[in-house]
Amino acid sequence: MGRLRQKGNAGAAKAYVTRSIAIKKLQCSLADFRRLCILKGIFPREPKSRKRANKGSSAPTSFYYAKDIAYLAHEPVLKKLREHKAFAKKLSRALGRGEWSSAKSLEENKPVYKLDHIIKERYPTFIDALRDIDDALCMIFLFASLPSNPRIPPSLVENCSRLAAEWQLYIMRSHSLRKAFLSIKGVYYQAEVMDQTITWLVPYQFTQNIPVDVDVRVMLTFLELYQTLLGFVFFKLYTDVGLVYPPPLDAKRDESAAGVGAYLLQEASQKSDKPAVTKVKVVEVEGRQVSGRDVYKTIKNIASSSPNADDMDVDAPTIENNFGETEEEFIVQPSKSDAEMASSLPTLQSLKALPQSINTSLFAPYTFWLSRETSRPIFEFLVRSFGGKIGWPASSGGGSPLDESDDSITHVIIDRPVIEQPSETDEQRELRLKRRYVQPQWVVDSINAGKILLEAPYAQGQSLPPHLSPFGEYEGAYDPAELANEELAADEDESEIEGEDVEIEDADIENEALQAVATAATEDSATLRAAELAAEAAGIDPSTFEKEVAKSRRKSKKSSSNGVDEAETDMNKMMMSNKQKKLYEKVKHSQDKRNLERSKLEEKKKNLHKQKRKLGQTS
C-alpha cells in the first residue's frame, strides 16, 4: 500500500506561504517584513492555482516562496531589528523612570545594522552592480532636490547631494556621457561606463513637494539600500582612475553655492607620497631563496632550449628585469573547421586600434558663458562632460572660472528674446559680434548628433526645431524631418492637381473619365483602351490620364495585398494556442496604439503646415 498523502503537505501548499504566515514565522512587524523584503530583493509570487496554494481558501492574499522566507529567517538584519525593538522598550522604560544615565548609555550603545553583506550577496561582481544603478541614481537625484521635513532629515538630503555630485564629477572626468534629452519630467542622461549603458533622470530645479498619497517609508528603505550600493560603486570607479574617494569638500566654495565645483578631485599619488612596494612571493628551496620571477624565467628558458636540454643545468638564475615587463603577442591558432573564421578573429591589439565613433571632446575648442536665466547645473555638466569650458554670473553661484568680459568666450547660452540696446557702446557691440548667441537646446542637440550643429536655427529669438528623443525608439516612430520631405512632395502634387483642375472645365465629363480610369486599372487591356478613348474624347491630357491609372492600380494592389495579409494572419492565428493568441493580440494592440499616435501627430503637423502656407500666400 502506498504512502498516504495529507492535504497541505505537498505541492503548491508547501511551496508557497502567505504574508501573514511569513510574518508570524519571522516574528516581526509588517513594516520590518517589508523592509527585509526590499533589502533582500524578495517579492510576492503568483502561483498557478491560488486556491491550492492557500490550502483551499480563495481569500485574496499575497504569496511568497517558502524558501525565501526560510532564507530571511537567518538574516543578520532581522536580528538587529529584534535588538532594536528590545532597545526601544528599555529606553522608554528608562526615560519613564527618570534614569538618565542608563538612558544615555543605552543611546550610545544603540544597535545599528549594516547592509554591506547584502550588497555582496545581491551583486557578486562589480559589473552586476553597475548594471543595476539606474534606479539608484534616479532616487539619489530625486531626494537631493527635495526639501527637508520631519520625515526626510537634512542629513539624508545632504548625503544624496554629495553622492549626486560625486557621480557627476566622475562622468565629467572620464567623459562618459553619451546622450541627453530635455523632457517634461526632467533631464534624461545616458552614460557608458565600463561598456555598460546607464540612464538616469534628474528633475528640474523647482520647488518639489512630496504628495500625501506617496508612502515615503518604502522609498526611504530603497534609498537606504541605494546609498550603500553607490558607495561601493563610486569607490571602485574612483580608485580605478587613480582618484581619492571620497573627494574632499571645500567649505568656502560650498558656502558660495559652487555646486560640483566645491568638491576637489585629487590623484591617489598626491595623497600618499610613499612609493608602492610590490610584494614578491619568495620560497626557500635547498637553502636558496627562489621567487616567482625566477621560476617564470626558468620555465621560459626550458621552453626555448634545444631538444638536448636534458644535460643542461637548470639552476634558477638571478633575475634583474621586472616580471612581465614585455607583453606577449597573441598568436592566432589555425582552425581545423573554418580557416577563414580563424584568420578574422579580433585580438586585444586590434580592438584598441579601432577608432572611437563618439567624439568625447566635442566642445573642447569652445568656451561658453551661461546667461542668468539658464540652468547652471545642467549645462555645466553637459559642457564639461564633452571637454568644454564654461563660466556663469555670480547670481548663478560662485566658483566661475571665467568673467563675462573674457575674450575667449565663443558661445553664449541664452534663453530670452532679442532686446535692442540703444545705450550699447562700441566695445560691447564688438564683443557681441564676436560671440554666437544660441539657445540651450543647441547644446543638447549637438551632443545627440555627435557634431557641432549650425547655430542659425538655434539663434536667439528663433523658433526652435523639434527636440527629439535620442534613445532607441521603435521602428516607424514619428519623425518630423521625414514628414517634412513628404509634405514637400505633397505640395508638388497638389500644385500639379490644381493646375490640371484649371484646365478641365467640364466637371461632369471629368467624373465620367475618372470612373473609367478606375475601372480600367482593375480590368483587362480592352477596357483600358476604351477608357483611353473616352478620356481623349473628353479632352483630358494623356499625362493626367496615366497618373490616374497609376493611382487606381496602386489602390487596387494595396487592397488586394491587405486582403492576402489578413487571410495569412487568420490562418496563422488558427495554429496558435490560446496563450499565444492573447500575446499576439496585446502586441497588435500596442502597435495600433502607436500608429494612432503617429497619425495624430502627422495630421497635426500637416494642419500647421497648411496654415503657415496660407498665411504666407495671404501676406
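All figures in this text were calculated on a predicted structure; none of them were measured in a lab.

**Things to note about the overall build of the chain**
Along the chain, the regular secondary structure elements total 25 helices and 11 strands. Counting all 619 residues of the chain, 28% fall into the buried class. Considering only residue pairs separated by 6 or more positions, the chain has 63% of its internal contacts joining residues 24 or more positions apart. A total accessible area of about 42200 Å² is found for the chain, and carbon and sulfur atoms account for 53% of it.

**Some remarks on the packing of aromatic side chains**
Summed over all chains, the structure comprises 19 aromatic pairs. Aromatic pair F222 and Y226: ring centres 6.1 Å apart, planes at 35°, arrangement tilted. Pair noted here: F222 and Y226 are both in helix α12 (residues 216-240), with a separation of four residues, about one helical turn. When its relative accessible area of 28% is taken as the criterion, F222 is described as partly exposed. The class for Y226 is buried, based on a relative accessible area of 11%. When the centroid spacing of 5.3 Å and the interplanar angle of 75° are considered together, the rings of F363 and F368 count as edge-to-face. Comparing F363 with F368 shows no difference in burial state: the two are buried. Three or more aromatic residues link up through ring pairs in this structure, and these residues are W167, Y170, Y189, W200, F234, F235, Y238, Y245 and F381.

**Let's talk about the sheet that holds strand β10 (residues 411-413)**
Sheet strands pair via backbone hydrogen bonds, and the direction of the pair is either parallel or antiparallel. The strand order across the open sheet built from four strands is β9-β8-β10-β11, with neighbouring strands paired in parallel fashion. Taken across any chain shown, the strands that pair with only one partner, and hence form the sheet edges, are β9 (389-391) and β11 (436-438). For this sheet, the mean inter-axis angle between neighbouring strands, taken without regard to orientation, is 25°. For β10 and β11, the ladder comprises three bridges, and the chain directions are parallel. Following the sheet pairing, I413 is matched in β11 by V438. Contacts between helix α18 (residues 376-385) and the sheet are confined to β8 (367-370) and β9, with β9 contributing the most and set at about 160° to the helix.

**A short note on the pattern of salt bridges**
For the structure shown, the criterion picks out 14 salt bridges. A salt bridge links E83 to K80, with the nearest nitrogen and oxygen atoms 3.8 Å apart. Residue E83 and its partner K80 are both found in helix α6 (residues 76-97); the two are separated by three residues, about one turn of the helix. Under the relative-accessibility criterion, E83 is labelled partly exposed at 32%. Across the pair E380 and R384 runs a salt bridge whose closest N-O atoms are separated by 3.2 Å. With a gap of four residues between them, E380 and R384 both fall in helix α18, about one helical turn apart. Residue E380 is classed as buried on the basis of its relative accessible area, which comes to 4%. Residues joined by salt bridges that share partners form a network here, namely K40, E75 and E121.

**Looking at the packing of helix α2 (residues 19-26) against helix α3 (residues 30-40)**
At a minimum axis separation of 10 Å, α2 and α3 run at an interaxial angle of 95°. When the axes of α2 and α3 are compared, the pair comes out roughly perpendicular. Every residue of α3 that contacts α2 at R19, A22, I23 and L26 is listed here: L30, F33 and R34. Residue composition of the contact of α2 with α3, by class: five nonpolar, no polar and two charged.

**Some thoughts on unusual backbone geometry**
In this structure, the amide linkage connecting Y245 to the following residue, P246, adopts the cis form with an omega of -5°. Despite not being glycine, H175 shows a phi value in the positive range, around 55°. As for its placement among the helices and strands, H175 is situated in the loop between α11 (154-174) and β3 (177-182). Classification of H175 by relative accessible area gives partly exposed; the value is 28%.

**Regarding the pairing of β8**
Side chains of β8 alternate between two faces, with T367 and W369 and F368 and L370 buried alike. In terms of strand pairing, β8 meets β9 through three bridges, oriented parallel. Within β9, the residue paired with W369 across the bridge is G391. Running through α18, the crossover from β8 to the neighbouring parallel element β9 is right-handed.

**What to know about α11**
Look at α11: 31 Å from first C-alpha to last across 21 residues, which is about the 30 Å you get at 1.5 Å a residue. A positive backbone phi angle near 55° is found at H175, which sits one or two residues after α11.

**Focus: the pairing of β3**
Direction of pairing for β3 relative to strand β4 (residues 187-193): antiparallel, over a ladder of five bridges. Looking at the pairing, F181 lines up with Y188 of β4. In textbook terms, the turn of a hairpin is the stretch between consecutive antiparallel strands, and for β3 and β4 this stretch comprises four residues.

**Points about a positive patch on the surface**
Positive charge collects at one region of the surface, where K85, K89, K90, R93 and R97 lie side by side. Inspection of the secondary structure puts K89 in helix α6. K89 gets classed as exposed once you look at its relative accessible area, which sits at 51%.

**Quick word on the nonpolar core**
Generally speaking, soluble globular proteins have nonpolar side chains that are buried together. If you look at the biggest cluster of nonpolar residues, it comprises 87 residues, and the most contacted ones within it are F33, W167, Y189, W200 and L382. When residues in this core are grouped by element, the largest group, 11 residues, is from α11. Y189 has contacts with L177, K179, A180, I198, T199, W200, V202, I378, F381 and L382, leaving out every residue within four places of it along the chain. Residues A531, A535, F545 and V549 belong to the second largest nonpolar core, which totals five residues.

**Structural notes on α18**
Counting buried residues along α18, eight of its 10 residues qualify, which places the element largely inside the surrounding structure. Two residues or fewer past α18, G387 is found with a positive phi of approximately 85°.

**Looking at the confidence of the model for the chain**
Taken over all residues, the pLDDT of the chain has a mean of 78, while the share at 70 or more is 74%. The low-confidence segment residues 274-278 (pLDDT under 50) makes one contact with residues lying over four places distant or belonging to another chain. Low pLDDT (under 50) marks residues 306-328, which in the prediction has 14 contacts with non-local residues, meaning those over four places away or in another chain.

**So, a negative patch on the surface**
The grouping of D565, E566, E568 and D570 at the surface amounts to a negative patch. Tracing the chain through its elements places E566 in helix α24 (residues 542-574).

**Here we look at the packing of α6 against helix α7 (residues 100-108)**
α7 packs onto α6 with a crossing angle of 155° between their chain directions and a minimal axis gap of 8 Å. With respect to each other, α6 and α7 are oriented roughly antiparallel. The handedness of the crossing between α6 and α7 comes out as left-handed. Contact residues: α6 offers F87, K90, L91, A94 and L95, while α7 offers W100, S102, A103, L106 and E107. Residues belonging to the contact of α6 with α7 are distributed by class as follows: seven nonpolar, one polar and two charged.

Procedures and definitions
- Residues numbered from 1 in each chain as written.
- Predicted model: local features only at pLDDT ≥ 70, side-chain atom pairs only at ≥ 80, totals over all residues.
- Heavy atoms only, no water.
- Helix = DSSP H or I, 4+ residues; strand = E, 2+ residues; numbered from the N terminus.
- Buried < 20%, exposed > 50% of the residue type's maximum accessible area, 1.4 Å probe, protein only.
- Contact = heavy atoms within 4.5 Å.
- Areas by Shrake-Rupley, 256 points an atom, 1.4 Å probe, with all protein chains shown as cover.
- Phe/Tyr/Trp six-rings, centres within 6.5 Å; stacked < 30°, edge-to-face > 60°.
- Pairing = 2+ DSSP bridges.
- Axes fitted to C-alpha atoms, helices over the stretch in contact; angles between N-to-C directions.
- Salt bridge = Lys/Arg side-chain N within 4 Å of Asp/Glu carboxyl O.
- Parallel < 35°, antiparallel > 145°, perpendicular 65-115°, else oblique.
- Nonpolar A, V, L, I, M, F, W, Y, C, P; charged D, E, K, R; others polar.
- Right-handed = clockwise from strand over helix to strand, strands pointing away.
- Expected span 1.5 Å × (residues − 1).
- Patch = residues over 30% accessible without salt bridge, like charges linked within 9 Å, V, L, I, M, F, W, Y side chains within 5 Å.
- Lys, Arg positive; Asp, Glu negative; His and termini not counted.
- Charge placed at Lys NZ, Arg CZ, Asp CG, Glu CD.
- Core = buried A, V, L, I, M, F, W, Y, C linked by side-chain atoms within 4.5 Å.
- pLDDT = per-residue confidence, 0-100.
- Left-handed = near helix turned anticlockwise from the far one by under 90°.

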